Amino acid sequence: MRIFDPHIHMTSRTTDDYRAMHAAGVRALVEPAFWLGQPRTSPGSFRDYFDALLGWEPYRAAQHGIQHFCAIALNPKEANDPRCLPVLDELPRYLVKDNVVAVGEIGFDAMTEAEEHAFTVQLALAREHDLPALVHTPHRDKHAGTARTLEIVRADGIDPALVALDHLNELTAPLVAASGCWMGFSIYPDTKMDPDRMVSILKEHGTRRVLVNSAADWGHSDPLRTHATAVAMLDAGFTEDDVDQVLWRNPVEFYGQSGRLLLDEAQHPADEGTFAGNSIRRGGS
Ligand SMILES: [Zn+2]
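Residues numbered from 1 in each chain as written. Predicted model: local features only at pLDDT ≥ 70, side-chain atom pairs only at ≥ 80, totals over all residues.

In the annotation of an unreviewed UniProt entry, the protein is listed under the name TatD family hydrolase and assigned to Streptomyces solicathayae. Looking at the protein in UniProt, the text filed under Sequence similarities (unreviewed entry) is "Belongs to the metallo-dependent hydrolases superfamily." (UniProt positions renumbered as here; feature names shortened; annotations may be inferred.)

Colleague: Please clarify how the nonpolar core should be interpreted in this entry.
Modeller: Within soluble globular proteins, side chains that are nonpolar tend to cluster in buried spots. Residues Ala 71, Ile 72, Ala 102, Val 103, Ala 133, Val 163 and Ala 164 are the most contacted members of the largest nonpolar core, which totals 78 residues. Contacts of Val 103, omitting those with residues within four sequence positions, involve Ala 71, Ile 72, Ala 73, Leu 95, Gln 122, Leu 125, Ala 126, Leu 131 and Ala 133. (Core = buried A, V, L, I, M, F, W, Y, C linked by C-beta atoms within 7 Å. Buried ≥ 20, exposed ≤ 12 C-beta atoms within 10 Å, placed from the backbone. Contact = placed C-beta atoms within 7 Å.)

Colleague: I keep staring at the sheet that holds strand β5 (residues 133–136) and nothing clicks. Help me out?
Modeller: Within a sheet, each strand pairs with its neighbour through backbone hydrogen bonds, oriented either parallel or antiparallel. In spatial order, the strands read β1-β2-β3-β4-β5-β6-β7-β8; together these eight strands make up an open sheet with parallel pairing. Taken across any chain shown, the strands that pair with only one partner, and hence form the sheet edges, are β1 (3–5) and β8 (210–213). Averaged over neighbouring strand pairs, the angle between their axes works out to 25° when direction is ignored. Of the pairings in the sheet, the one linking strand β7 (residues 182–186) to β8 comprises four bridges and is parallel in character. Within the sheet, the bridge partner assigned to Phe 185 lies in β8 and is Val 212. Across the sheet, helix α10 (residues 240–256) is in contact with β1, β2 (26–32), β3 (67–72), β4 (100–107), β6 (163–166), β7 and β8; its angle to β8 comes to roughly 115°. (Pairing = 2+ DSSP bridges. Helix = DSSP H or I, 4+ residues; strand = E, 2+ residues; numbered from the N terminus. Axes fitted to C-alpha atoms, helices over the stretch in contact; angles between N-to-C directions.)

Colleague: Just to check I follow, could you spell out unusual backbone geometry for this structure?
Modeller: The omega torsion across Gly 104 and Glu 105 is -5°, close enough to zero to call that bond cis. Relative to the assigned elements, Glu 105 resides in strand β4. Non-glycine residue His 167 carries a positive phi angle of around 65°. The topology assignment puts His 167 in the loop between β6 and α7 (173–177). Unusually for a residue other than glycine, Ala 215 sits at a positive phi of about 45°. Checked against the element boundaries, Ala 215 lands in the loop between β8 and α9 (225–235).

Colleague: What is the right way to read the packing of helix α8 (residues 195–205) against α9 from this model?
Modeller: In a pair of packed helices, the angle between the axes and the distance between the axes together describe the arrangement. Interhelical geometry of α8 versus α9 gives an angle of 55° and a closest axis separation of 9 Å. The orientation of α8 relative to α9 falls into the category oblique. The two elements α8 and α9 meet at a crossing, and its hand is right-handed. In this structure, α8 contributes Pro 195, Asp 196, Met 198, Val 199 and Leu 202 to the contact, and α9 contributes Arg 225, Ala 228, Thr 229, Ala 232 and Met 233. (Parallel < 35°, antiparallel > 145°, perpendicular 65-115°, else oblique. Left-handed = near helix turned anticlockwise from the far one by under 90°.)

Colleague: Looking at this structure, how should I read the environment of Glu 105?
Modeller: Here Glu 105 falls in the buried class, since 28 other C-beta atoms lie within 10 Å of it. Each C-alpha atom of the pair Glu 105 and Ala 33 lies 6.1 Å from the other, and the pair is 72 residues apart in sequence. Every residue in contact with Glu 105, bar those within four places of it in the chain, is listed here: Pro 32, Phe 34, Ala 71, Ala 73, Asn 75, Leu 134, Val 135 and His 136.

Colleague: Is there a simple way to explain the pairing of β3 in this structure?
Modeller: In the case of a regular strand, side chains alternate between the two sheet surfaces. Among the six residues in β3, six count as buried, and that is most of the element. Of the two faces of β3, both are covered, the one formed by Gln 67, Phe 69 and Ala 71 as well as the one formed by His 68, Cys 70 and Ile 72.

Colleague: For this particular structure, what's the right way to read the environment of Pro 39?
Modeller: Along the chain, the position of Pro 39 falls in the loop between β2 and α2 (43–54). In this structure, the C-alpha to C-alpha distance between Pro 39 and Gly 237, residues 198 residues apart in sequence, is 45 Å.

Colleague: Even after reading the chapter, I still don't get α2, so can you show me in this structure?
Modeller: Each α-helix turn comprises 3.6 residues. Residues three or four places apart therefore point the same way. Compared with the 16 Å implied by 1.5 Å per residue over twelve residues, the 17 Å span of α2 between its first and last C-alpha is a close match. For α2, the full list of buried residues reads Phe 46, Phe 50 and Leu 53. When α2 is viewed along its axis, its buried side chains cluster within an angular range of 55° and face the same direction. Exposed residues on α2 whose side chains face more than 90 degrees from its buried face are Gly 44 and Asp 48. (Expected span 1.5 Å × (residues − 1). Arc of directions from axis to C-beta.)

Colleague: Explain the packing of helix α5 (residues 113–128) against helix α6 (residues 142–156) here, please?
Modeller: In the contact formed by α5 and α6, the axes pass within 10 Å of each other and the chain directions differ by 45°. Relative to α6, α5 is oriented oblique. For the pair α5 and α6, the crossing hand works out as right-handed. Contacts from Phe 119, Thr 120, Leu 123, Ala 124 and Arg 127 of α5 reach α6 at Ile 152, Val 153 and Asp 156. A per-class count over the contact of α5 with α6 returns five nonpolar, one polar and two charged. (Nonpolar A, V, L, I, M, F, W, Y, C, P; charged D, E, K, R; others polar.)

As structure tokens, this is what we get:
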């Protein structure tokens, strides 16, 4: 089984996670830029973070036989902090880089005006750069947040095939299914969406335009929920081809629209080598 995790924050995860993911079949992933927990106070902190998503983290992933791509954006939560806003002006020079396969994650957190401004600006950037957009839907008041998100997508005029709305559930999936946008589902260990609920949604909506991710980060989360969903699908009577579509071919199709998703079919762990003169042995050799 081959797995592509279309939304996972490896910066927050350990080497053991990379090893376990590879053993479970994960061979590629997209790490969207997000909120790091500790509030950032200047655009410089974002630059260093974006550089890490483009440099150090792909190097680290490659040691474990996993290809690492990223999405770049000002996240919804920090869009509310005026100190962070100038980073919007710096995004265009990141959006032309080879490993950037989407703008994200953008969208709403608390549904503020500042979030809507940053979302609108960044959706336009995705359209202008012909890049997919990964859109976070709020965890509170999800139905209203998803409906408003779809209004903004329509108003922008971006091709809905370039937009994925993430963190959906049984209530919000039908709204997105009718919109032409991709439906993203984050599978969590013990709250929100779980593998069995995901299987029920797949039975209802089919396997097309669906992305399943672990969204694993520094909170309670599990980078193997993608694999658990694959197993639940097989147990429920889906075929291996269905599993391959949902967990590999769909994310490849979505992010492949960037024209930058160059997958290495061999997928052997990389020779250790160095990144900027440093190895994963903490700078030693
Ligand atoms: Zn995320």
